[in-house]
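Residues per chain are reported as follows:
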Amino acid sequence: MSVETHRLSNGLTIVAEHMPGLESSTVGVWVQAGARNEDAAQNGIAHFLEHMAFKGTKTRSALEIAEVIEDVGGFINAYTSREMTAYYTRVLGGDVPLALEVLGDILRHSTFDKREIEIERGVILSEIGQSLDTPDDVIFDWLQGVSYPKQALGRPILGPAENIKRFQQADLSGFVDTHYGAENLVVSAAGKVDFSALVKQAEALFGDMPKSAAPAAEAATFIGGEKREEKDLEQAHFTLGFAAPSIRDKNVYTAQVYSMLLGGGMTSRLFQEVREKRGLCYSIYASISPGLENGMLTIYSGTSGEQISELAEVTIAEMKRAVDDISEAELARAQVQMKAGMLMGLESPSARAERMARAISIWGKVPDLSEAVAKIEAVSVAGLREYAASVCAAQEMSMALYGPISGAPVMADLHTSLRG
């Protein structure tokens, strides 16, 4: 399998990977704009726009958009993240031209009909309500918000209800005009795909778009803070957050291996100590989410109100213990888990297409997988211990608690213990 790329004269990039043996393909358009590209008054509009893309174009109704893809056995979907918005389809290889034509239609010819806006406004308000009824959605938005207060990176992707209630056609069109320029788009495809045909069609669909780069996203700084709310729930939800390397940082692989051995699987330190030995929770994990310029280490667990204090204290103790006794065996296990997870995850064309699109947005090219494997293998015990020490010594920390949390320690005390 080999990756091929082509850049149109207006700056739009096409990238594809033919995967022998597959009959299907994923083809999509990734836009380098998400919640982080909104100001406070716009918060939620990138996600609103993602919804509206399927609500009708100059030549197709909302039903016809769905029918034309499902009539060939495919599906079409989209998602919004903090830094990107993606519109993608999964179809049989022979239907890639149809899929890309539909994507071009919704990206360039959506009408943002006023009646459809009102319908989708209600859908999104229901989505926000559902999210507010889901404690582990709520707590991660809180953690992001206290980590990056009064910053675009700290705002929720769905946006506040008051914004959703007032967005109009002009707001949607304005965001498209600003952020959906050719240089901000990546057409990515993987599976049974003909690259030369893809480039030719992309040129026809998008080649006349003006060459325009969107304004840079607002800079973000991890500040840290605490948010807690007592609520009558079955479980107390507990999260910690720490600044972590960005995807471009040379230390990102060390941070990812650290999060894997700390809380990435059943053999991880937190799972073994907190769940297996002490029975304090059903699930506990740690993860790194590296963005273009910022990253965050997150630890999450849910437990009873009676056990939340012990769980928090044991979590801090395990983080401190990692500074001195990470072993070669733990490192090797975490490295294998990371490599296997990455390679197995990329056996699907959808994952391949997403990886390529994201790589283009980060580096302007798609690094060979062997580069990532080599960087994982280059992580050392000494480097891990040094990173673990830097987390414990961090000046800033975030914590969010939700549920029966009256017995939980305050963040300042946990932070003092971690740094002590």
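Residues numbered from 1 in each chain as written. Predicted model: local features only at pLDDT ≥ 70, side-chain atom pairs only at ≥ 80, totals over all residues. Heavy atoms only, no water.

Draft legend 1. Structural context of the overall build of the protein. Tallying secondary structure elements over the protein gives 16 helices and 11 strands in all. For the protein, whose C-alpha radius of gyration is 23 Å, the value lies close to the compact-globule estimate of 22 Å for 420 residues. With respect to the principal axes defined by its C-alpha atoms, the protein has extents near 60 × 45 × 35 Å. Burial analysis of the protein (420 residues in total) assigns 53% to the buried set. In the protein, 81% of the contacts between residues at least 6 apart in sequence involve partners at least 24 apart. Counting every atom, the protein has about 18100 Å² of accessible surface; 51% of that belongs to carbon and sulfur. Computed over 38 positive and 56 negative side-chain charges, the separation of the two mean positions in the protein equals 4 Å. (Helix = DSSP H or I, 4+ residues; strand = E, 2+ residues; numbered from the N terminus. Rg over C-alpha atoms; globule rule 2.2 N^0.38 Å. Buried < 20%, exposed > 50% of the residue type's maximum accessible area, 1.4 Å probe, protein only. Contact = heavy atoms within 4.5 Å. Areas by Shrake-Rupley, 256 points an atom, 1.4 Å probe, with all protein chains shown as cover. Lys, Arg positive; Asp, Glu negative; His and termini not counted. Charge placed at Lys NZ, Arg CZ, Asp CG, Glu CD.)

Draft legend 2. Seen up close, the state of the cysteines. If you walk through the whole model with that rule in mind, you get zero disulfides. Cys281 forms no disulfide, and the closest cysteine sulfur to it belongs to Cys392, at a distance of 19 Å. The class of Cys281 is buried, set by a relative accessible area of 11%. Residue Cys392 is classed as buried on the basis of its relative accessible area, which comes to 7%. (Disulfide = S-S within 2.5 Å.)

Draft legend 3. Region of the structure containing the pairing of strand β4 (residues 75-80). Taking every second residue as pointing to the same face, the buried face of β4 carries Ile76, Ala78 and Thr80, while none of Phe75, Asn77 and Tyr79 on the other face is buried. Taking the residues that link successive antiparallel strands as the turn, the β4-strand β5 (residues 85-92) hairpin has four residues. (Pairing = 2+ DSSP bridges.)

Draft legend 4. Quick peek at helix α14 (residues 369-377). Listing the buried residues of α14 in full gives Leu369, Ala372, Val373 and Ile376. The arc that holds every buried residue of α14, seen down its axis, measures 100°, which confines them to one face. Lining the buried residues of α14 we find α9 (252-263), α12 (328-345) and α13 (349-363). (Arc of directions from axis to C-beta.)

Draft legend 5. Just helix α11 (residues 308-325), in detail. Along its 18 residues, α11 runs 26 Å from first to last C-alpha, staying within 8% of the 26 Å computed at 1.5 Å per residue. Among the residues making up α11, those that are buried are Ile308, Leu311, Ala312, Val314, Thr315, Ile316, Glu318, Met319 and Ala322. (Expected span 1.5 Å × (residues − 1).)

Draft legend 6. Quick look at the pairing of β5. Within β5, six of the eight residues are buried, which leaves it mostly tucked inside the rest of the structure. The pairing of strand β3 (residues 24-31) with β5 spans eight bridges and is antiparallel. Bridging from a neighbouring strand, Val29 pairs with Tyr87 of β5. When β4 meets β5, the two strands line up antiparallel, connected through six bridges. Bridging across to β5, Asn77 finds its partner in Tyr88.

Draft legend 7. Spatial organisation of the packing of aromatic side chains. The final tally for this structure, using the stated rule, is nine aromatic pairs. Both rings, one in Tyr87 and one in Tyr180, keep their centres 6.4 Å apart while their planes meet at 65°; by these two values the pair is edge-to-face. Of the two residues, Tyr87 sits in strand β5 while Tyr180 sits in the loop between α7 (169-179) and β6 (185-191), which places them 93 residues apart along the sequence. Of the two residues, Tyr87 and Tyr180, neither departs from the other in class, the shared state being buried. Here the aromatic residues Phe54, Tyr87 and Tyr180 are joined through ring pairs into a cluster of three or more. The cationic tip of Lys227 hangs over the ring face of Trp142; the distance from NZ or CZ to the ring centre is 4.7 Å. (Phe/Tyr/Trp six-rings, centres within 6.5 Å; stacked < 30°, edge-to-face > 60°. Lys NZ or Arg CZ within 6 Å of the ring centre and 35° of its normal.)

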